[in-house]
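Each chain, written out:
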Amino acid sequence: MSRLVYVLNGPNLNLLGKRQPHIYGHETLADVERDCRALAGELGLTLRFHQSNREYEIIDWIHEAREEAGGIVINPAAFTHTSVAVLDALNTFEGPVIECHISNVHKREAFRHHSYVSLRADGVIAGFGTQGYQLALRRVARLIDDKAA
Ligand code: DQA
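Residues numbered from 1 in each chain as written. Predicted model: local features only at pLDDT ≥ 70, side-chain atom pairs only at ≥ 80, totals over all residues. Heavy atoms only, no water.

A. Quick look at the overall build of the chain. On a plain count of helices and strands, the chain comes out with 5 helices and 5 strands. Reading the secondary structure of the chain in the N-to-C direction produces β-α-α-β-α-β-α-β-β-α. In summary, the chain has a C-alpha radius of gyration of 14 Å against a globular reference of 15 Å for 149 residues, a match within 12%. Every one of the 149 residues in the chain was classed for burial, and the buried ones make up 48%. Taking the 16 positively charged and 18 negatively charged side chains of the chain as two groups, their mean positions are separated by 5 Å. (Helix = DSSP H or I, 4+ residues; strand = E, 2+ residues; numbered from the N terminus. Rg over C-alpha atoms; globule rule 2.2 N^0.38 Å. Buried < 20%, exposed > 50% of the residue type's maximum accessible area, 1.4 Å probe, protein only. Lys, Arg positive; Asp, Glu negative; His and termini not counted. Charge placed at Lys NZ, Arg CZ, Asp CG, Glu CD.)

Okay, structure coming up:
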């Protein structure tokens, strides 16, 4: 199985570090990418790391991952709670999918408690701050290893 992993980020995550830092912290998405790449090196993974404010771009990257990647880590941001299209795209992908949220969505507004993406995700991480991405990568690496064994 491919050790290429897509790390996908949805709308407004380009403003990470500036946007509501009391909720999402002070680290930027570039910091997250740097830490993910360092860990990926240790885990023997190759990463494609993307962010978009446009739903279709997220969907197109999932389709790309379908052809090439062994796993997906996705923080769909607000699309988590709205997008059947992102769920449908993930349902076309056969490898492990981990859904990652920086904040604990269950401690927040009721509309954040429902996730379309969770209907497909093999695991969900929420409330671990940006460290959640690294936990998600570790889990994807393990699931890829298990499939290969
Ligand atoms: C988020 C939680 C979502 O509810 C929100 O819309 C986001 C970020 C998180 O990482 O905590 O944009 O996915």
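B. Quick look at the nonpolar core. Counting residues in each nonpolar core, the largest one holds 26 residues, and the members touching the most others are Val5, Val73, Tyr133 and Leu137. For this core, the element with the most residues is helix α5 (residues 131-148), which contributes 7 residues. Sequence-distant contacts of tyrosine 133, that is, excluding residues within four places in its chain, are made with Val7, Asn9, Leu13, Leu29, Val32, Cys36, Asn75, Cys100 and Ile102. Counting residues in each nonpolar core, the second largest holds 18 residues, with Ile62, Ala65, Ile74 and Phe93 among its members. (Core = buried A, V, L, I, M, F, W, Y, C linked by side-chain atoms within 4.5 Å. Contact = heavy atoms within 4.5 Å.)

C. Fine view of the site of the ligand. Every residue lining the ligand is accounted for by Arg19, Tyr24, Asn75, Ala77, Ala78, His81, His101, Ile102, Ser103, Val105 and Arg112. One of the side-chain N or O atoms of asparagine 75 is found 2.8 Å from an oxygen atom in the ligand. The side chain of histidine 101 places a nitrogen or oxygen atom 2.8 Å from an oxygen atom of the ligand. Here the ligand has 320 Å² of accessible area as a free molecule, and 98% of this is covered by the chains. Comparing atom positions with the cavity grids shows the ligand to sit within the largest pocket. Of the residues assigned to the shell around the ligand, the class counts are 5 nonpolar, 4 polar and 2 charged. (Near = heavy atom within 4 Å. Polar contact = N/O pair within 3.5 Å; in protein donor to acceptor, adjacent residues only side chain to side chain. Areas by Shrake-Rupley, 256 points an atom, 1.4 Å probe, with all protein chains shown as cover. 1 Å grid on protein atoms, 1.4 Å probe; cavity = no way out; pocket = protein on both sides within 12 Å on 5 of 7 lines; lining within 4 Å. Sits in = over half its atoms within 2 Å of the grid points. Nonpolar A, V, L, I, M, F, W, Y, C, P; charged D, E, K, R; others polar.)

D. Molecular detail of the pattern of salt bridges. Tallied over the entire structure, the rule returns 10 salt bridges. Note that arginine 120 and aspartate 122 form a salt bridge whose closest N and O atoms lie 3.2 Å from each other. On the basis of relative accessibility, which here comes to 12%, the residue arginine 120 falls in the buried class. Beyond isolated ion pairs, a larger network of salt bridges with shared partners links Asp31, Arg34 and Asp35. (Salt bridge = Lys/Arg side-chain N within 4 Å of Asp/Glu carboxyl O.)

E. Representation of the sheet that holds strand β3 (residues 71-75) within the structure. The strand order β2-β1-β3-β4-β5 describes an open sheet built from 5 strands, whose pairing is parallel. Looking along the sheet, the strands with just one partner apiece sit at the ends: β2 (46-51) and β5 (123-126). The average angle at which neighbouring strand axes cross in this sheet is 15°, direction not considered. On the sheet, helix α2 (residues 29-43) packs against β1 (4-9) and β2 and is oriented at approximately 165° with respect to β2. Against the sheet, α5 makes contact with β1, β2, β3, β4 (97-101) and β5, and its axis sits at roughly 160° relative to β3, the strand it touches most. (Pairing = 2+ DSSP bridges. Axes fitted to C-alpha atoms, helices over the stretch in contact; angles between N-to-C directions.)

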